[in-house]
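# Structural features, examined
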Amino acid sequence: MNPYLIGVIVSIIIYMVVGNLVGRSVKDVDDYYVSGRNAGTLLIAGTLIASMMSTSSFIGDTAWTYDGFMGSMLIINLGTCAGYVLGPLLYGRFVRRSQVVTMPEFFGKRFDSKTMHTVAGITAFIVMIAYLVAVTKGTSLLMMSLTGLSKEICLLLTGVCFITFSCYSGSKGVIVTDTMMFLVFLGATLLAAPFLFDAIGGLNDMAVNVINNPDTPADVLSWHGPLEGSTLLDNVGYAIAVGALWICAIMVSPWQAGRAMMAKDEHIGIRAGGVAAIATVFLMTLLYIMGVSMNVLDANITPSEDVMIVISMSVVPTIVGVIMLTGVMSAGLSSASTFLSLCAFSATSDIVPYEFKSDKQQLRISRIIMLAVSIVAMALAYMDLAVLRVISWFAAGAVASGWTVVGLGAVWSKKLTARGAVWSMAGGFAACMIATILSKTGIVPLPAWIEPFYIGFPVSLLGAILGSMGQTPTANEVAYREKLHVVPASEKERSLFVVDRRYGYIMIAAGILATVLLLVLWALPVNSVT
């Protein structure tokens, strides 16, 4: 039997069993929506990383570094890490204090506005369904290439897997399986890397061997990337633009900032952000180095998105390759489960706010809606509608455009009103969507370094200013914001801050270590050869 098929089946069974076991502990809405608000640092960090690192990180990002854009990917990754650190400090801990179960509910309560609640719910649903369909399709395509099974069967297996551990167990099951999947793809990467580096002549000589290969494209290890068909401004400007986008998206997005609502306390959320930043820096940098290293063995992999598959099937031992590709598939499943749960929660509680008679009724309806959303997502992934590809183009940028001003303003602004918040979120979201469609279809081409986010964000800011003009926040809005800034007594214990400080020191040490490693393995060797 195909060893990759065995790996897929075994991993799916494990995740389904774990999801079922965790689901038995779900007793009320808090358990289902926010995991009982008692998750520890490892679980929060695990779900932060796993929900961010989908198949695109392992397949798409490594393809970019294989093609020579390692410098650009490192810049983008710095934006991701900054979002992990800034998000809990500037936004996430305040959302947790609100004791809501969804992010749109937070906006509705903060601005005392059902309209705001609904707008946030609709925008969240659009983004989550687009991501869910994209990840479902990507994971099933990877499964097809590994197992040789048909498209229909792989879609069904993918759907059954994340339905099983999401519908029944909700957020409790999602964060547990997310963390398991993170540990799987982390372990798989660490296991596979030494075999690849041994095959290319050693990690220390990686840069020199890549450059000395006559088949390697020009500038493949330069800080700016290949300039054929583009300019330095295009390459570096694009990386900075996307990095800034991800800072905002991770700070305020439902699938990242929303994890703070599940933490045992505010300090857990802050520490988990630090752990996620450290793990992302080292794991993604390792993947980037693995991707560009393959130029030593084969500089003509086409398409370049196959580079990790080639490594797993041709370079490392079969059992390691099975673990590696199963880990990649796990990354896709973890993202799918996250987007599914958030999408279903918004559909149940936010788009049309409804007063449920009891927790039991809300749990039952939430599970039914989550199952329905799963079926719809699988059907859309099977049909491969062009409109969904358009939506996935602007998903992250739309959240960053529409939610950043309102999210940070909800916490820090004394002047932002409900009308201003609605105009800001709706305007930024729509402007980014329109700019993306016009750009991607070629109707109004934009330079590579101008992301649609840079159009949507100013529109959002302008909407907040104009919408709040001539108004003052209501007494309820003012009281709610002031309440957010009241630190709970349980969060003031000195021992908690002592532990926080230790995490800070570890982050500083990790930053220094990452800098030294990049200098030794990349910058200095490249300069010595070129």
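Keep in mind the model is a prediction, meaning the values are calculated, not measured.

We now examine the overall build of the chain. Across its full length, the chain carries 20 helices and zero strands. For 530 residues, the compact-globule estimate of 2.2 N^0.38 gives 24 Å, and the C-alpha radius of gyration of the chain, at 23 Å, lies within 12% of that figure. Dimensions of the chain along its principal axes, counting C-alpha atoms only, are 70 × 55 × 50 Å. Buried residues in the chain amount to 56% of all 530 residues. The contacts of the chain with a sequence gap of at least 6 include a subset with a gap of at least 24, amounting to 85%.

Quick look at the environment of C161 now. By the secondary structure assignment, C161 is in helix α8 (residues 151-167). When residues no more than four places from it in sequence are discounted, the contact partners of C161 are I12, Y15, M16 and L333.

All right, on to the nonpolar core then. When a protein is soluble and globular, its nonpolar side chains tend to lie buried together. One finds F107, L221, W246, W255 and M290 to be the most contacted residues of the largest nonpolar core, which totals 153 residues. With residues up to four places along the chain from it excluded, the contact list for W255 reads S51, M52, V127, M128, Y131, W246, T338, F339, L342 and V399.

Once that is clear, we can look at the packing of aromatic side chains. Inspection of the entire model under this criterion finds 16 aromatic pairs. A ring pair is formed by Y91 and F106, whose centres lie 6.1 Å apart and whose planes are at 80 degrees; its orientation type is edge-to-face. Taken together, the residues span a long stretch of sequence, with Y91 in helix α5 (residues 70-97) and F106 in helix α6 (residues 103-110) at a distance of 15 residues. In this structure, Y91 and F106 share a single accessibility class: buried. A cation over a ring is seen here: R110 above F111, with NZ or CZ 4.5 Å from the ring centre.

This next bit is on unusual backbone geometry. Along the chain, T302 connects to P303 via a cis peptide bond; the corresponding omega equals -5 degrees. Here P303 lies in the loop between α12 (266-297) and α13 (307-315). Located in the positive-phi region is R37, a residue other than glycine, with phi close to 55 degrees. Note on placement: R37 falls in the loop between α2 (29-34) and α3 (41-52). Under the relative-accessibility criterion, R37 is labelled buried at 9%. Backbone geometry places D112, a non-glycine residue, at a positive phi of 50 degrees. Relative to the elements of secondary structure, D112 occurs in the loop between α6 and α7 (114-147).

The subject of this paragraph is the pattern of salt bridges. In total, this model carries six salt bridges according to the counting rule given. The closest approach of N and O atoms between E266 and R97, which form a salt bridge, is 2.5 Å. In this pair, E266 sits in helix α12 while R97 sits in helix α5, placing the two residues 169 residues apart along the sequence. Given a relative accessible area of 7%, E266 falls into the buried group. Taking the relative accessible area as the measure of exposure, R97 reaches 13% and is therefore buried. For D178, the salt bridge is made with R259, and the minimal N-O distance between the two is 3.9 Å. Here R259 lies in the loop between α11 (232-252) and α12 and D178 lies in helix α9 (residues 170-199), a separation of 81 residues in the sequence. Here D178 matches R259 in class, with each residue buried.

Turning our eyes to something else, we now look at helix α17 (residues 418-440). Helix length check: α17, at 23 residues, gives a terminal C-alpha distance of 33 Å against a target of 33 Å (1.5 Å per residue), a fit within 8%. Those residues of α17 that sit buried are A418, G420, A421, V422, S424, M425, G428, F429, A431, C432, A435 and T436. G442, located one to two residues past α17, shows a positive phi value of around 85 degrees.

Turning our attention to the packing of helix α14 (residues 318-349) against helix α15 (residues 359-383). Two elements in contact, α14 and α15, have axes whose closest approach is 9 Å; the angle formed by their N-to-C orientations is 125 degrees. Here α15 runs oblique to α14, going by the angle between their axes. In this structure, α14 crosses over α15, and the sense of that crossing is right-handed. Across the interface between the two elements, L340, S341, C343, A344, F345, A347, T348 and S349 from α14 touch Q362, I365, S366, I369, M370, V373 and S374 from α15. Here the contact of α14 with α15 is composed, by residue class, of nine nonpolar, six polar and no charged.

Structurally, E491 is set in the loop between α19 (475-484) and α20 (494-529). From its side chain, E491 meets the backbone nitrogen of E266 in a polar contact 3.1 Å long. Among residues more than four places away in sequence, those in contact with E491 are R96, D265, E266, H267, L496 and F497.

All chains considered together, the criterion is met by zero disulfides. As a non-bridged cysteine, C154 has C161 as the owner of its nearest cysteine sulfur, 13 Å distant. By relative accessible area, which is 0% here, C154 ends up buried. Counting only cysteine sulfurs, C432 is the nearest neighbor of C248, a cysteine outside any disulfide, at a range of 11 Å. Residue C248 is classed as buried on the basis of its relative accessible area of 11%.

Over its 12 residues, α3 extends 17 Å from the first C-alpha to the last, a length consistent with the 16 Å expected when each residue adds 1.5 Å. Within α3, 10 of the 12 residues are buried, which leaves the element mostly enclosed by the surrounding structure.

A few words on the environment of K483. Its location among the elements puts K483 in helix α19. Residue class for K483 comes out exposed when judged on its relative accessible area of 59%. Residues K483 and I450, 33 residues apart in the sequence, show an inter-C-alpha distance of 39 Å.

A contiguous nonpolar patch, built from Y505, I508, I512, V516, L519, V520 and L524 and spanning about 680 Å² of accessible area, is present on the exposed surface. Looking at the element boundaries, L524 is found in helix α20. For L524, a relative accessible area of 52% translates into the label exposed.

In the contact formed by helix α1 (residues 3-23) and α14, the axes pass within 9 Å of each other and the chain directions differ by 45 degrees. By the angle between their directions, the pair α1 and α14 is classed as oblique. When you trace α1 past α14, the crossing you get is right-handed. Across the interface between the two elements, P3, Y4, G7, V8, S11, I12 and Y15 from α1 touch T318, G321, V322, L325, T326, M329, S330 and L333 from α14. Residue classes in the contact of α1 with α14 are distributed as nine nonpolar, six polar and no charged.

Calculation criteria
By convention here, each chain's residues receive numbers from 1 onward along its written sequence. Thresholds applied to this predicted model are a pLDDT of at least 70 for local features of residues and 80 or more for the giving and counting of side-chain atom pairs; totals over whole chains, interfaces and linings are not thresholded and use all residues. No hydrogens and no water enter the side-chain calculation; it runs on all heavy atoms of the structure. Numbering of helices and strands starts at the N terminus; helices are DSSP runs of H or I of at least 4 residues and strands are runs of E of at least 2. We take the radius of gyration over the C-alpha atoms and set the globule estimate at 2.2 Å times the residue count to the 0.38 power. The classification of residues rests on relative accessible area computed with a 1.4 Å probe and restricted to protein chains. Under 20% of the type maximum is buried, over 50% is exposed, and intermediate values are partly exposed. Throughout, a residue-residue contact means that at least one pair of heavy atoms, one from each residue, lies within 4.5 Å. Residue types Ala, Val, Leu, Ile, Met, Phe, Trp, Tyr and Cys, when buried and joined through side-chain atoms within 4.5 Å, form a set referred to as a nonpolar core. Working definition: rings of Phe, Tyr and Trp (its six-membered ring) pair if their centres are within 6.5 Å, and the pair is stacked with planes under 30 degrees apart, edge-to-face with planes over 60 apart, and tilted otherwise. We call a charge positioned over a ring when the NZ of a Lys or the CZ of an Arg lies within 6 Å of the ring centre and within 35 degrees of the ring normal. We count a salt bridge whenever a side-chain nitrogen from Lys or Arg sits within 4 Å of a carboxyl oxygen from Asp or Glu. Expected span of a helix: the number of residues minus one, times 1.5 Å. To obtain an axis, a line is fitted to C-alpha atoms, over the contacting stretch when the element is a helix, and the angle between two such axes runs from 0 to 180 degrees between their N-to-C directions. With respect to orientation, any angle under 35 degrees is reported as roughly parallel, any angle over 145 as roughly antiparallel, any angle of 65 to 115 as roughly perpendicular, and every other angle as oblique. Crossing chirality is assigned from the near helix's rotation relative to the far helix, an anticlockwise turn below a right angle marking it left-handed and a clockwise turn marking it right-handed. Throughout this entry, Asp, Glu, Lys and Arg are counted as charged residues, while Ala, Val, Leu, Ile, Met, Phe, Trp, Tyr, Cys and Pro are counted as nonpolar. The remaining residues, Gly among them, count as polar. As used in this structure description, the phrase polar contact means that two N or O atoms lie within 3.5 Å; if the pair is within protein, one of them must be able to donate a hydrogen and the other to accept it, and residues adjacent in sequence are counted only when both atoms belong to side chains. Counting rule for disulfides: a pair of cysteine sulfur atoms within 2.5 Å. Residues enter patches when their relative accessible area tops 30% and they take part in no salt bridge; the joining distance is 9 Å for like charges and 5 Å for the nonpolar side chains Val, Leu, Ile, Met, Phe, Trp and Tyr. To measure how exposed things are, a 1.4 Å probe is used in the Shrake-Rupley method; for residues, cover is taken only from the protein chains shown.

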